[in-house]
Each structure stands twice: as structure tokens, then as C-alpha cells.
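Geometric and topological summary
Residues per chain, in single letters:
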Amino acid sequence: MKTVEEYKQNNFPVIPCYANDRKPIGKEWEEGKHDFEPGNNIGLHLLEHIDIDVDNPVCHKFLKIIRTKGCAIYGRKSNPESHLLFKGQLEYKKFLMHESFKPYFSKYRKGKTILEIRSGKGFQSIAPGSVLENEEVRWDNYIEPKEYPGDLEKYSKRITDINGNCSRSRRSDKTFI
């Protein structure tokens, strides 16, 4: 899948985003009220899916097992396999490294972010068939996403703990792990 039509045929809720950008078009994007135009990026509205967005390059080596648990995998040439897409819903979480690790993460594009769990209304990810930072977003391994057979939040926390003493933030609060 890499066209709007293919996503719609497979019942994926997609929304138009600005070309070469992550931003959805229109204030009412969550309602799907805008039509796609040529050149728009494809946003996957995560109403029925969970996207594990891997932002820390070191984190990739700890995700080998999770990649075998029924997820579709995509990314870009500069960050392959950076999105693991499962069926289901979870609360949004963003896992961050503690500020004391700044010398180790300051060179990374997303800084202290290790990974995000995105899911539900109001959350979207740019899908294959799009272009970000002049790079094609592409499938590394497409299968029909399945529900994760276990506690995905707990597994993600273990992965981020391996990356060092980290803090977890939600949209409304911050707590240290």
C-alpha cells in the first residue's frame, strides 16, 4: 500500500497532510473533512492502530522480538523500521532519556526521545507513500497489523529502561521512572 486509494480499499482511515510535512490539512482533520490533492502526504489516523515510533537509533537493536509479533513495519532510508504498526489502542506515551544523558543524545535528531506510543483519535503518523524531509516513507515489511500478544506498554517501558534512566511524559504530566 502506498496510495490513498489502496489505504481506503483496506479500510485504513487516512487524512491529507501537507506535502513533505507531518501536519494535517485543516483544523477539522480528525473528522476527515478534507479531500486529498496530488502531492499531499498520507496521514494514518490511528483510530484502530498503535504506532510505536522509534526515535532513538540505539533503541532499534532492542526491538527484534517485538518486530516478530504481528506488526507492519515502515520508515525512511535514514531511519528504517522506525514505525511498528499494530492493531488496537493504547494511551499515548512518550519515553524520554533523563537530562543527565544529554551528552549521549544531543546529536540525535529527536534529542532525548526514545520512542512514542501513538494511538487513538487525534493521533496520526505519516504513512508509506508520503515524503518527509525529501525522503520516501516506505514499507520495510508490510503484513496486516495484528494485536500485540501481550502488554505492549510494559514491553516498551522495558525497552526504554534498557536505554538508560529515563523519564516518561504524558501530554498532561511528567513522572520519573
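I will try to describe carefully the structure that is included in this document. (Residues numbered from 1 in each chain as written. Predicted model: local features only at pLDDT ≥ 70, side-chain atom pairs only at ≥ 80, totals over all residues. Heavy atoms only, no water.)

Let us look at the overall build of the chain. Within the chain one finds 3 helices and 13 strands. Since a compact globule built from 177 residues should have a radius of gyration of about 16 Å, the 16 Å found for the chain is in line with a globular shape. Dimensions of the chain, computed from the C-alpha atoms along their principal axes, are close to 45 × 30 × 30 Å. In the chain, buried positions account for 49% of the 177 residues. Summarising the internal contacts of the chain: among those between residues at least 6 apart in sequence, 71% fall at separations of at least 24. By element, 48% of the accessible surface of the chain is carried by carbon and sulfur atoms, the whole surface being about 9,600 Å². Computed over 31 positive and 26 negative side-chain charges, the inter-centroid distance for the chain is 6 Å. (Helix = DSSP H or I, 4+ residues; strand = E, 2+ residues; numbered from the N terminus. Rg over C-alpha atoms; globule rule 2.2 N^0.38 Å. Buried < 20%, exposed > 50% of the residue type's maximum accessible area, 1.4 Å probe, protein only. Contact = heavy atoms within 4.5 Å. Areas by Shrake-Rupley, 256 points an atom, 1.4 Å probe, with all protein chains shown as cover. Lys, Arg positive; Asp, Glu negative; His and termini not counted. Charge placed at Lys NZ, Arg CZ, Asp CG, Glu CD.)

This next bit is on the pairing of strand β4 (residues 72-76). For β4, the tally of buried residues reaches 5 of 5 residues, placing the bulk of the element in the interior. As judged from the 4 bridges shared by β4 and strand β5 (residues 79-87), these two strands associate in the antiparallel manner. The residue of β5 that forms the bridge with Tyr74 is His83. With 3 bridges connecting them, β4 and strand β11 (residues 138-141) associate as antiparallel partners. Note on β11: the bridge partner recorded for Ile73 is Asn141. (Pairing = 2+ DSSP bridges.)

All right, on to the environment of Asn79 then. Tracing the sequence through the fold places Asn79 in strand β5. Taking C-alpha positions, Asn79 is 25 Å from Ile25, a pair spaced 54 residues apart along the chain.

Relative to the assigned elements, Ala19 resides in the loop between β1 (14-17) and β2 (41-45). It is 24 Å that separates the C-alpha atoms of Ala19 and Asn141, two residues lying 122 residues apart in sequence. Setting aside its immediate chain neighbours within four residues, Ala19 contacts Gly39 and Asn41.

Let us look at the pattern of salt bridges. Under the counting rule described, the total for this entry stands at 16 salt bridges. Across the pair Glu133 and Arg22 runs a salt bridge whose closest N-O atoms are separated by 3.8 Å. Linking Glu133 in the loop between β9 (131-132) and β10 (135-136) with Arg22 in the loop between β1 and β2, this pair joins segments that are 111 residues apart in sequence. When its relative accessible area of 40% is taken as the criterion, Glu133 is described as partly exposed. For Arg22, a relative accessible area of 34% corresponds to the partly exposed category. Through salt bridges with shared partners, a single ionic network connects Arg22, Arg76, Arg109, Glu133 and Glu135. (Salt bridge = Lys/Arg side-chain N within 4 Å of Asp/Glu carboxyl O.)

We now examine the pairing of β5. Here strand β3 (residues 49-54) pairs with β5 via 5 bridges, running antiparallel. Counted as the bridge partner of Asp53 is His83 from β5. Between the end of β4 and the start of β5, which pair antiparallel, lie 2 residues.

This part covers the packing of aromatic side chains. Aromatic ring pairs are defined here through the distance separating the ring centres and the angle between the ring planes. This model, assessed by the stated rule, comprises 7 aromatic pairs. For the pair Tyr92 and Phe123, a centre-to-centre distance of 5.0 Å together with 10 degrees between the ring planes defines the contact as stacked. One end of the pair, Tyr92, is in the loop between β5 and β6 (93-97); the other, Phe123, is in the loop between β7 (113-119) and β8 (124-126), and 31 residues separate them in sequence. The burial state of Tyr92 is the same as that of Phe123; both residues are buried. Taking the centre distance of 6.2 Å and the plane angle of 45 degrees together, the rings of Tyr148 and Tyr155 count as tilted. Following the ring pairs from residue to residue traces out a cluster consisting of Tyr74, Trp139 and Tyr142. (Phe/Tyr/Trp six-rings, centres within 6.5 Å; stacked < 30°, edge-to-face > 60°.)

To continue, consider the sheet that holds β2. With antiparallel pairing, 3 strands are arranged side by side in an open sheet as β1-β2-β8. Every interior strand has two partners, whereas the edge strands, β1 and β8, have only one. Each neighbouring strand pair of the sheet contributes to a mean axis angle of 35 degrees, computed without reference to strand direction. Both β2 and β8 contribute to a ladder of 3 bridges, which runs antiparallel. Bridged to Gly43 within β8 is Ile126. (Axes fitted to C-alpha atoms, helices over the stretch in contact; angles between N-to-C directions.)

The values are spatial; any link to function lies outside them.
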